[in-house]
Amino acid sequence: MTATLDAPAPSGAIASFEVTLRIRRFNPEVSDEATWQDFTVEAHGTDRVLDALHKIKWDEDGSLTFRRSCAHGVCGSDAMRINGRNRLACKTLLKDVNPDKPIIVEPIKGLPVVKDLVVDMEPFFASYREIMPFLITSGNEPSKERYQSPEDRARFDDTTKCILCAACTSSCPVFWTDGQYFGPAAIVNAHRFIFDSRDEGGSQRLEILNDKEGVWRCRTTFNCTEACPRGIEVTKAIQEVKRAMITRAF
Amino acid sequence: MQTHQYDVVIVGAGGAGMRAALESSKEARTAVISKLYPTRSHTGAAQGGMAAALANVEDDNWEWHTFDTVKGGDYLVDQDAAEILAKEAIESVLDLERMGLPFNRTPEGKIDQRRFGGHTRDHGQSAVRRACYAADRTGHMILQTLYQNCVKQDVEFFNEFYVLDLITDHDLTTEEIADGEEVNATGVVAYDLATGEIHVFQAKAIIFATGGAGKIFKTTSNAHTLTGDGMALAYRRGLPLEDMEFFQFHPTGLAGLGILLSEAARGEGGILRNSEGERFMERYAPTIKDLAPRDIVARSMANEVREGRGAGPNKDYVLLDLTHLEPAHIDAKLPDITEFARTYLGIEPYTEPVPVYPTAHYAMGGVPTNIKGEVLRDGVNVVKGLYAAGEVACVSVHGSNRLGTNSLLDINVFGKRSGRAAAEYSKTASFHELPEDPTVRVVAQLDEMRNRPEGERVADIRKALQDTMDLNAQVFRTGDSLNEALADIRGLQKRYRNASVQDKGKLFNTDLLEAIELGFLLDIAEVTVVAAINRKESRGGHYREDYPNRDDAHYMLHTMAYRRPPEASDQAEGHVEGYFDHVEEFDGYKVVLGSKPVIQTRYEPMERKY
């Protein structure tokens, strides 16, 4: 087939525009108080919030501090609160967050702020490690691969997408008030193994999540599902874990 | 300053580093030092698959895979290493499955496999299904699975620690080392980003798994953090870098952005078209068309644009057409990359073709190693206790052009090998004494950068570097363009000495670390361009318009580049009069090129046709 196709709309068709970022600044070496600071930068059609942050850091104020790496939504470094919603800065186009008004950029909530937009991720990873996020099996390993039907593989596909960015956990009102709560991300990763037909550690993980800081704290506000930059149906996964806990069927 | 002692220290927590850690931590006291949280590493951005001749869906064997790897690398591949890669691929994939990796499955429940560029049945007859995959997030699943198993095995990590120096017991930059004399790696110096503190790690064995250096280019699929740290540290300490002129440009980066769209898009049936709607790869690679190796496809695309058949208002890209594929098929096999097209370009791949253009993707060259992962300090001798694996290393299984899916394979095969070898070595080795103050170089460098009251902006120098590399050292190169790049790099190296940072603090000072990383980038760009100037032939990813043919008579050798003091000899090991005898003077040092033979076992070099 060599049919001619129309050229797509040119990228960058949206002209450049000015955008103001209102950023929550905090540097414990300078002050114990956080402050707001406005920066106005020139942006282009497909620029993302991360591009604007880089422009500020590279051209105006080198001390502006944030994490980032891959810059296209797969490494999970740059989760932050943008106009009150948790998102990845590298996946959020400026034109999509109403650049006519200052864009509010803050660190994600519920984790200790280290500097500017950087939070201490250790409590988050500690919860993740607690749910035994690895395949648990017994007996001898097979000499080749374990078999798994496409249907069984599909059962937990959604929760394998997690990039551990903490956007979900730090959008959860329960987590904000109780930092001991495992939080959505840990439960998502438990789900990934509980519903994997190859895994034999489901009961142990359910026992862990049956804890007072476990799944029962979830109030089904759906913040986590809305926040997930990978489109994981987080709340649904939590519900499935709750159901498994009652029925012990998984 | 804090001092630590471990049997094995692994630098980098991507696929290679964590695969090594899973081996070494079983046998030896191991620490992994990483400048990122492990799950942020760029292995996670790999999409399409991991090659292994499992023959789960059609006839295949490791010998065909070896041949494809050698031919794909335009015969600059060390064939003994390629054979190991292809043979051990099978066990490596099975290892990952047993660790829990959720591969896509065949109807019978086996690991499913799909087509990928340059992988063929029976020595080039037709495309073969060899890539094992998990949707288009295979790298993500590998990174997650390895990290999960590191959690299971309680591997010790030092996260957000930047390794800024390698310590050896001989100064390789100046000392003449007698043949056979032992040189030992004794430790590394690291900077803790959170506190600004310096840590010294003394180790019996050190594994470099620091990844690539794509940020020497402007248009790249690589993460901001891929700044060639490990390569540059080795180079500064007098170790050679091998085959740095060979950089892979992945054909399908999102136009203007460089974000990777997996070759799996073509493996699943996607077609490249020019502005006339023509499937132009039929002209360049009549047998396997869009599934030709990346160097050929990237050049063909760039050529279409150059000859005026580019699409878009500026005719500066081509189109990746998936519109003839079923949306359900796209959703099942290519969900992430179609999402990238929607998010970043506002293109709906179900109904519109996606604008694409080559993007700097992978360094074939790097720190030379043997098949155990031991680092070479010249063509023959190793540095005892020093290993490298993954993109930082050059074994060389990729030669002058890597096949898609062979890098996820490389990190697993050679990550595992180096982890085992390092742990084994550490059992009989002892700690070597460190110099009186091992941190002196790092502290001086950091202080100088931090304390310079004002100077040039790091970002300006970095942008100038990336611009000249994109303009002069990309898919098409000439002697003139490369000399242009070299002149720019010389100037930028000087300007770098006057760079300053605005953040003078100790805590989480990313401004300072970006400045240090720029130093690495400049060094890697320097050696890349010098090696490219010297290689007056076209082979794999290195295409010289002024020398468009492969020249096996003179250049069937690996380039070995050494940074030496001005007074050192102009001849390096593997000096070949007229071909590998290039010397380039810089301010305070020079780059001297030598060579290393290519190991050939079963395959005679042939013309590369697809």
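Residues numbered from 1 in each chain as written. Chains lettered and ligands numbered in written order. Predicted model: local features only at pLDDT ≥ 70, side-chain atom pairs only at ≥ 80, totals over all residues. Heavy atoms only, no water.

## Some remarks on the pairing of strand S4 (residues 85-88) of chain A
Residue and element names in this part refer to chain A.
Phase 1 of the analysis: The pairing of strand S3 (residues 79-82) with S4 spans 4 bridges and is classified as antiparallel. Within S4, the position partnered with Ile 82 by the bridge is Arg 85.
Phase 2 of the analysis: Between S3 and the antiparallel strand that follows it, S4, lie 2 residues; Asn 83 among them carries a positive phi value of about 50 degrees. (Pairing = 2+ DSSP bridges. Helix = DSSP H or I, 4+ residues; strand = E, 2+ residues; numbered from the N terminus.)

## Focus on the UniProt feature "binding site: substrate" (unreviewed entry) in chain B
Residue and element names in this part refer to chain B.
Phase 1 of the analysis: Those places that UniProt annotates as "binding site: substrate" (unreviewed entry) correspond, in this numbering, to His 250, Ser 262, His 361 and Arg 402. These annotated residues cover 153 residues of sequence, and their C-alpha atoms all fall within 14.4 Å of one another, placing them together at a single site.
Phase 2 of the analysis: Among the secondary structure elements, His 250 is positioned in strand S11 (residues 247-254).
Phase 3 of the analysis: Residue contacts for His 250: discarding those within four places in its chain leaves Leu 260, Leu 261, Ser 262, Glu 263, Arg 266, Arg 294, Tyr 357, Pro 358, Thr 359 and His 361.
Phase 4 of the analysis: Within the structure, the side chain of His 250 is placed 3.1 Å from the backbone nitrogen of Thr 252, a separation counted as a polar contact.
Phase 5 of the analysis: With respect to the secondary-structure elements, Arg 402 resides in the loop between strand S18 (393-394) and helix H11 (406-428).
Phase 6 of the analysis: Residue classification places Arg 402 among the buried residues on the basis of a relative accessible area of 2%.
Phase 7 of the analysis: Other than its neighbours up to four places away in sequence, Arg 402 contacts Gln 248, Arg 294, His 361, Tyr 362, Met 364 and Ser 407. (UniProt positions renumbered as here; feature names shortened; annotations may be inferred. Contact = heavy atoms within 4.5 Å. Polar contact = N/O pair within 3.5 Å; in protein donor to acceptor, adjacent residues only side chain to side chain. Buried < 20%, exposed > 50% of the residue type's maximum accessible area, 1.4 Å probe, protein only.)

## Concerning the sheet that holds strand S23 (residues 589-597) of chain B
All names here are of chain B.
Phase 1 of the analysis: The 4 strands are arranged S10-S21-S23-S22 in an open sheet whose pairing can be described as antiparallel. The two strands at the open ends of the sheet, each matched to only one other strand, are strand S10 (241-242) and strand S22 (583-586).
Phase 2 of the analysis: Helix-sheet contacts for helix H5 (residues 229-236) involve S10, strand S21 (557-564) and S23, and the interaxial angle to S21 is about 65 degrees.
Phase 3 of the analysis: Strand contacts of helix H15 (residues 510-534): S10, S21, S22 and S23, with the helix running at about 55 degrees to S23, the strand carrying the most contacts. (Axes fitted to C-alpha atoms, helices over the stretch in contact; angles between N-to-C directions.)

## Comments concerning the environment of Glu 545 of chain B
Residue and element names in this part refer to chain B.
Phase 1 of the analysis: Along the chain, Glu 545 turns up in the loop between H15 and helix H16 (552-555).
Phase 2 of the analysis: A sequence separation of 449 residues divides Glu 545 from Leu 96, and the C-alpha atoms of the two residues are 42 Å apart.
Phase 3 of the analysis: Leave out the neighbours within four places in its chain, and Glu 545 touches Arg 306, Phe 476, Arg 477 and Thr 478.
Phase 4 of the analysis: Side chain to side chain, Glu 545 and Arg 306 meet in a polar contact 2.7 Å long.

## Observations concerning the nonpolar core
Phase 1 of the analysis: In this structure, Leu 21, Ile 23, Leu 53, Leu 94, Leu 209 and Val 241 of chain A are the most contacted members of the largest nonpolar core, which totals 125 residues.
Phase 2 of the analysis: With 9 residues, the single largest contributor to this core is H11 of chain B.
Phase 3 of the analysis: Discounting chain neighbours no more than four positions away, the residues touching Leu 53 of chain A are Leu 21, Ile 23, Leu 64, Phe 66, Met 80, Ala 89 and Leu 117 of chain A.
Phase 4 of the analysis: Within the second largest apolar cluster, 92 residues are counted, among which are Tyr 6, Val 163, Ala 234 and Leu 482 of chain B. (Core = buried A, V, L, I, M, F, W, Y, C linked by side-chain atoms within 4.5 Å.)

## Quick notes on empty space enclosed by the protein
Phase 1 of the analysis: Within this structure, the stated rule accounts for 11 cavities of 30 Å³ or more.
Phase 2 of the analysis: The calculated volume of the second largest cavity comes to roughly 210 Å³.
Phase 3 of the analysis: The wall of the second largest cavity is formed by 18 residues, among which Phe 66, Arg 67 and Arg 68 of chain A together with Tyr 162 and Thr 510 of chain B lie closest to the centre.
Phase 4 of the analysis: It is H15 of chain B that provides the largest number of residues to the lining of the second largest cavity, a total of 4 residues.
Phase 5 of the analysis: Partitioning the lining of the second largest cavity into residue classes produces 7 nonpolar, 3 polar and 8 charged. (1 Å grid on protein atoms, 1.4 Å probe; cavity = no way out; pocket = protein on both sides within 12 Å on 5 of 7 lines; lining within 4 Å. Points joined across faces, edges and corners; volume = space filled by probe spheres on them. Nonpolar A, V, L, I, M, F, W, Y, C, P; charged D, E, K, R; others polar.)

## Observations concerning the environment of Thr 160 of chain A
Phase 1 of the analysis: Among the secondary structure elements, Thr 160 of chain A is positioned in the loop between helix H3 (150-155) and helix H4 (173-177).
Phase 2 of the analysis: Separated by 84 residues in the primary sequence, Thr 160 of chain A and Ala 244 of chain A place their C-alpha atoms 18 Å from one another.
Phase 3 of the analysis: Once residues lying within four places of it in the same chain are set aside, the contact partners of Thr 160 of chain A are Arg 192 of chain A together with Pro 102, Arg 137, His 140 and Met 141 of chain B.
Phase 4 of the analysis: A polar atom in the side chain of Thr 160 of chain A sits 3.0 Å from the side chain of Arg 137 of chain B.

## So, the interface of chain B and chain A
Phase 1 of the analysis: Listed by partner, the interface residues are 76 residues for chain B and 75 residues for chain A.
Phase 2 of the analysis: Where chain B touches chain A, the interface holds 6 salt bridges.
Phase 3 of the analysis: Note that Asp 336 of chain B and Arg 230 of chain A form a salt bridge whose closest N and O atoms lie 3.0 Å from each other.
Phase 4 of the analysis: Elements with a minimum of two residues in the side of chain B that touches chain A: helix H3 (79-99), helix H4 (138-152), strand S13 (318-321), helix H10 (335-345), helix H13 (458-472) and H15 of chain B.
Phase 5 of the analysis: In terms of residue count, H4 of chain B provides more of the side of chain B that touches chain A than any other element does, 7 residues in total. (Salt bridge = Lys/Arg side-chain N within 4 Å of Asp/Glu carboxyl O.)

## Concerning the sheet that holds strand S12 (residues 271-273) of chain B
Either a parallel or an antiparallel arrangement is found when strands of a sheet pair, and the pairing is made through backbone hydrogen bonds.
Residue and element names in this part refer to chain B.
Phase 1 of the analysis: Sheet architecture is open: 4 strands sit in the order S11-S14-S13-S12, paired in antiparallel fashion. With partners counted over all chains shown, the strands left at the sheet margins are S11 and S12, one partner each. Going from strand to strand, the sheet's axes swing by 45 degrees on average, the running direction of each strand aside.
Phase 2 of the analysis: In the sheet, S13 pairs with strand S14 (residues 354-363) via 3 bridges, with the strands oriented antiparallel. Paired with Val 318 across the strands is Val 356, a residue of S14.
Phase 3 of the analysis: Strands S11, S12, S13 and S14 of the sheet are contacted by helix H8 (residues 294-306), whose axis makes an angle of about 60 degrees with S11.
Phase 4 of the analysis: Docked against the sheet, H10 engages S11 and S14, running at close to 70 degrees with respect to S11.

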